[in-house]
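Close look at the chain arrangement
Given next are the chains, with one letter for each unit.
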Amino acid sequence: MGKTGKLPYHIPDWKTWKVEDVPELMSLKQRLAAKGLKDPWIRNEVWRFQPGMGKMPWYKLVFKGFGLGAGAFIIAVGLEKLFWKDDDHGH
């Protein structure tokens, strides 16, 4: 947050999310109401349907951080081979 206490991005007020603005969620709300049910947390899903919140490709989801992990693995193996002697107990 820094010294000023302000975030580098804007978090919208929770009151700005309206289920009525999203047709998919309105359909869900109506289907639940037909069964006598309601979801008080449905408003928390509205952000997913806002512009700019597209779906992430599966490969980005599966391999997220793979490059960093592979690099760290190679460095760890290199350091181990460099600094630790073989300890095979004469077998």
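Residues numbered from 1 in each chain as written. Predicted model: local features only at pLDDT ≥ 70, side-chain atom pairs only at ≥ 80, totals over all residues. Heavy atoms only, no water.

The name given to the chain in an unreviewed UniProt entry is NADH dehydrogenase [ubiquinone] 1 beta subcomplex subunit 3, with the source organism recorded as Stichopus japonicus. The UniProt entry for the chain carries the following comment under Subcellular location (unreviewed entry): "Mitochondrion inner membrane". (UniProt positions renumbered as here; feature names shortened; annotations may be inferred.)

Overview of the overall build of the chain
Along the chain, the regular secondary structure elements total three helices and zero strands. Reading the secondary structure of the chain in the N-to-C direction produces α-α-α. Counting only residues that meet the buried cut, the chain has 5% of its 91 residues in that class. About 8900 Å² of surface is accessible on the chain, with carbon and sulfur atoms providing 63% of the total. (Helix = DSSP H or I, 4+ residues; strand = E, 2+ residues; numbered from the N terminus. Buried < 20%, exposed > 50% of the residue type's maximum accessible area, 1.4 Å probe, protein only. Areas by Shrake-Rupley, 256 points an atom, 1.4 Å probe, with all protein chains shown as cover.)

Overview of the UniProt feature "transmembrane region" (unreviewed entry) in the chain
Per the UniProt record, the feature "transmembrane region" (unreviewed entry) sits at residues 61–79. Secondary structure across residues 61–79 comprises 84% helix and 0% strand; the distance between its end C-alpha atoms is 30 Å.

Looking at a nonpolar patch on the surface
Together, M56, W58, Y59, L61, V62, F63 and F66 line one region of the surface with nonpolar side chains, adding up to about 860 Å² of accessible area. Here Y59 is to be found in helix α2 (residues 58–62). (Patch = residues over 30% accessible without salt bridge, like charges linked within 9 Å, V, L, I, M, F, W, Y side chains within 5 Å. Salt bridge = Lys/Arg side-chain N within 4 Å of Asp/Glu carboxyl O.)

Examining the packing of aromatic side chains
Scanning all chains against the criterion turns up two aromatic pairs. Arranged with centres 5.9 Å apart and planes meeting at 75 degrees, the rings of F63 and F66 form a pair that is edge-to-face. Here F66 falls in the exposed class, since its relative accessible area comes to 56%. (Phe/Tyr/Trp six-rings, centres within 6.5 Å; stacked < 30°, edge-to-face > 60°.)

Focus: the pattern of salt bridges
Taken as a whole, this structure holds two salt bridges when the rule is applied. Where E20 meets K29, a salt bridge forms, and the shortest distance between an N and an O atom there is 3.7 Å. For E45, the salt bridge identified is with R48, shortest N-O distance 2.4 Å. When its relative accessible area of 46% is taken as the criterion, R48 is described as partly exposed.

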